[in-house]
Amino acid sequence: MASSAAVPFWRSAGMTYITYSNLCANLVRQCLKEPYKTESLTREKVHFSASQWVDGKPEKPTTRSDSPE
Amino acid sequence: LVPNLDPPNTPLTFFQPRPSAASAEPIPPKLTIKLVSPYSSQFSNKQVDMVTVPSTTGQTGILPGHLASISELKPSLVSIHEGNEVTNYFISTGFAFVHSNSIADVIAVETVPTEHVDPVSVRNGILEYTRKMNT
């Protein structure tokens, strides 16, 4: 049997809709004029730390940060 | 001094109720649109004559009285026609919802008025990515 309905190009490239959308948004942000560009890039900075829990104990956390330490 | 015992407001209490779709018999003269992104809204409840949205299935012009529809948008320009003026906004991906009472919502991750776009970085970006694509 052939695969089901036509797949959008980003799906066949291995992305989910959210990754595609964020990628597009990033590209747009990099094409802005100066004050707007730094504004939008700083707005989108992320900083978090997440850890997996195994057997009731947290493992080493992974920290994702866009702000310089 | 009596403490305020009212329950706290939820986001729903701040929403304006939409005019009900079923009872709207005459087609309103103007379309009400809302252009929003996650961090801001360009405008909510603006009355315009027509909006052109770039859906993945092609450019769609939305006039008052348009059929209710949902379309996924591709990165391109949204043009808002009001009287004789046209304002263009470049959106990265998003969606356009048209409701049956001539209210259209356009939501996008980034909505950029065309004046805010820097043509030099656009050209450099295109060159860089076509080069990456061709290798």
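Notes on the structure follow. (Residues numbered from 1 in each chain as written. Chains lettered and ligands numbered in written order. Predicted model: local features only at pLDDT ≥ 70, side-chain atom pairs only at ≥ 80, totals over all residues. Heavy atoms only, no water.)

Turning to the overall build of chain B, a few remarks are in order. Along the backbone of chain B there are two helices and 10 strands. Overall, chain B shows an N-to-C arrangement of helices and strands of α-β-β-β-β-β-β-β-β-β-β-α. In terms of overall dimensions, chain B is more spread out than a globule: its C-alpha atoms have a radius of gyration of 19 Å, far above the 14 Å expected for 135 residues. For chain B, the C-alpha atoms occupy an extent of roughly 70 × 45 × 25 Å along the three principal directions. (Helix = DSSP H or I, 4+ residues; strand = E, 2+ residues; numbered from the N terminus. Rg over C-alpha atoms; globule rule 2.2 N^0.38 Å.)

Before going further, it helps to examine the nonpolar core. Residues and elements named next belong to chain B. Among the nonpolar cores identified, the biggest contains 18 residues, and I33, V51, V53, I80 and V106 are the most heavily contacted of them. Of all the elements in the fold, those that place two or more residues in this core are β1 (31-37), β2 (40-48), β3 (50-55), β6 (76-82), β7 (85-91), β8 (94-99) and β9 (103-108). Setting aside anything within four residues of it in sequence, one finds V53 in contact with G58, Q59, T60, I62, L73, A96 and V106. (Core = buried A, V, L, I, M, F, W, Y, C linked by side-chain atoms within 4.5 Å. Buried < 20%, exposed > 50% of the residue type's maximum accessible area, 1.4 Å probe, protein only. Contact = heavy atoms within 4.5 Å.)

Let us look at helix α2 (residues 17-30) of chain A. For α2(A), built from 14 residues, the straight-helix expectation of 20 Å at 1.5 Å per residue is met to within 8% by its first-to-last C-alpha distance of 20 Å. Taken residue by residue, α2(A) has A:Y17, A:Y20, A:S21, A:C24, A:A25, A:V28 and A:R29 as its buried positions. (Expected span 1.5 Å × (residues − 1).)

Before going further, it helps to examine unusual backbone geometry. A positive phi angle is found at A:D55, which is not glycine, with a value near 55°. Counting through the fold element by element, A:D55 comes out in the loop between β2 (53-54) and β3 (57-58). Of note in the backbone geometry, B:N45 takes a positive phi value of approximately 60° without being a glycine. Under the relative-accessibility criterion, B:N45 is labelled exposed at 54%.

It is possible for side chains of opposite charge to pair when their charged atoms get near one another. Per the counting criterion, the structure on display carries eight salt bridges over all chains. B:E110 is paired through a salt bridge with A:R29; the nearest N and O atoms lie 2.4 Å apart. Pair noted here: B:E110 is in the loop between β9 and β10 (111-113) and A:R29 is in helix α2, and the two residues belong to different chains. The burial state of B:E110 is the same as that of A:R29; both residues are buried. Taking relative accessible area as the criterion, B:E110 reaches 1% and is therefore assigned buried. It is possible to trace a salt-bridge network through shared partners that takes in A:R29, A:R43, A:E44 and B:E110. (Salt bridge = Lys/Arg side-chain N within 4 Å of Asp/Glu carboxyl O.)

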